Amino acid sequence: MGTPKGYVVAVVGATGLVGQEMIKVLEERKFPVSKLVPIASKRSAGKKITFRRKMWKVFPLGFDAFENVDIALFSAGGDISRKFIPKIASQGTVVIDNSSAFRMEPGIPLVVPEVNGDRIQPHERIYANPNCSTAQLVLVLKPIHDAAHIRRVVVSTYQSTS
């Protein structure tokens, strides 16, 4: 997987807000990307996305878009994740899903790297991540738990409905 120059990375939902942020973070963190494969809906296909001062064409979502992809970042909703991820992962691509599709699925690691990065294993192909509120919360709770062993936390979150 990957080459000395980096990984072929697909971002599903590349033209959406979260997908754009994923691409921005890949660039900011200087993640070793040799080729970016932005993927979105058919109506966004053909648009261009800038990554590392280069324009990358957006591909329509379809199984053929994942050929030779090392890592796929999904942010296009649970239905799309459930439809595409198992097959893509079975072909060797490591998939990180940002939807709720696999969060509670037995055998699929739910990972926040700074908290339980040890769950990342070479043989795993699908990873889930918790929702945005939970991810932020566990980052803060982890060092407290390590020092004082938290037994219970009650949290309420309120999110916009508009």
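My aim in this report is to walk through the structure given alongside it, one point at a time. Note that this is a predicted model, so its numbers are computed, not measured.

1. Describing the overall build of the protein chain
Logical step 1: For the protein chain, the count of helices and strands is four helices and eight strands.
Logical step 2: The linear arrangement of helices and strands in the protein chain, starting from the amino end, is β-α-β-β-β-β-β-α-β-α-β-α.
Logical step 3: Taking 15 Å as the expected radius of gyration for a compact globule of 162 residues, we find that the protein chain reaches 17 Å, a close match to that expectation.
Logical step 4: By principal-axis analysis of the C-alpha atoms, the protein chain measures approximately 50 × 40 × 30 Å.
Logical step 5: Residues classed as buried in the protein chain amount to 35% of the 162 residues present.
Logical step 6: Only carbon and sulfur atoms are counted for the fraction: they give 54% of the accessible area of the protein chain, which is about 10,400 Å².

2. A few points about the nonpolar core
Logical step 1: The biggest cluster of nonpolar side chains holds 20 residues, and the ones touching the most others in it are F66 and F74.
Logical step 2: Mapped onto this core, the elements with two or more residues apiece are β1 (7-12), β2 (33-40), β6 (71-74), α2 (78-90) and β8 (126-128).
Logical step 3: Of all the elements, α2 adds the most residues to this core, at four residues.
Logical step 4: Setting aside residues up to four positions removed in sequence, F66 forms contacts with A10, V12, I39, L61, A72, F74, F84, I88 and T93.
Logical step 5: Judged by nonpolar contacts, the second largest core, of 15 residues, contains V33, L36, F51 and L73.

3. Notes on helix α4 (residues 132-148)
Logical step 1: With 17 residues, α4 should reach 24 Å at 1.5 Å per residue; the first-to-last C-alpha distance of 25 Å fits that figure.
Logical step 2: Approximately 35° is the largest bend angle found in α4, and it occurs at L141, with the proline P143 only one to four residues beyond.
Logical step 3: Where α4 begins, one side-chain oxygen reaches toward the backbone nitrogen of S133, 3.2 Å away; that side chain belongs to N131.

4. Focus on helix α1 (residues 17-28)
Logical step 1: In this model, α1 (12 residues) spans 16 Å end to end at C-alpha, consistent with the 16 Å of a helix rising 1.5 Å per residue.
Logical step 2: Every buried residue of α1 is listed here: G19, M22, I23 and L26. Seen end-on, α1 carries its buried residues on one side only, within an arc spanning 95°.
Logical step 3: Residue K30 follows α1 closely and has a positive phi angle near 55°.

5. Quick look at the layout of surface pockets
Logical step 1: Its boundaries defined by the atoms lining it, the largest pocket holds a volume of some 1,400 Å³.
Logical step 2: What lines the largest pocket is a set of 40 residues, among which V25, L73, I96, P113 and N129 lie closest to the centre.
Logical step 3: Every element with two or more residues in the lining of the largest pocket is listed here: β1, α1, β6, β7 (94-97), α3 (113-116), β8 and α4.
Logical step 4: In terms of residue count, the dominant contributor to the lining of the largest pocket is α1 (five residues).
Logical step 5: Of the residues that constitute the lining of the largest pocket, the class distribution is 25 nonpolar, eight polar and seven charged.
Logical step 6: Its boundaries defined by the atoms lining it, the second largest pocket holds a volume of some 170 Å³.
Logical step 7: Every element with two or more residues in the lining of the second largest pocket is listed here: β2 and β5 (59-60).

Thresholds, definitions, all that
Residues numbered from 1 in each chain as written. Predicted model: local features only at pLDDT ≥ 70, side-chain atom pairs only at ≥ 80, totals over all residues. Heavy atoms only, no water. Helix = DSSP H or I, 4+ residues; strand = E, 2+ residues; numbered from the N terminus. Rg over C-alpha atoms; globule rule 2.2 N^0.38 Å. Buried < 20%, exposed > 50% of the residue type's maximum accessible area, 1.4 Å probe, protein only. Areas by Shrake-Rupley, 256 points an atom, 1.4 Å probe, with all protein chains shown as cover. Core = buried A, V, L, I, M, F, W, Y, C linked by side-chain atoms within 4.5 Å. Contact = heavy atoms within 4.5 Å. Expected span 1.5 Å × (residues − 1). Bend = angle between axes of the 7 residues up to and from the residue. Polar contact = N/O pair within 3.5 Å; in protein donor to acceptor, adjacent residues only side chain to side chain. Arc of directions from axis to C-beta. 1 Å grid on protein atoms, 1.4 Å probe; cavity = no way out; pocket = protein on both sides within 12 Å on 5 of 7 lines; lining within 4 Å. Points joined across faces, edges and corners; volume = space filled by probe spheres on them. Nonpolar A, V, L, I, M, F, W, Y, C, P; charged D, E, K, R; others polar.

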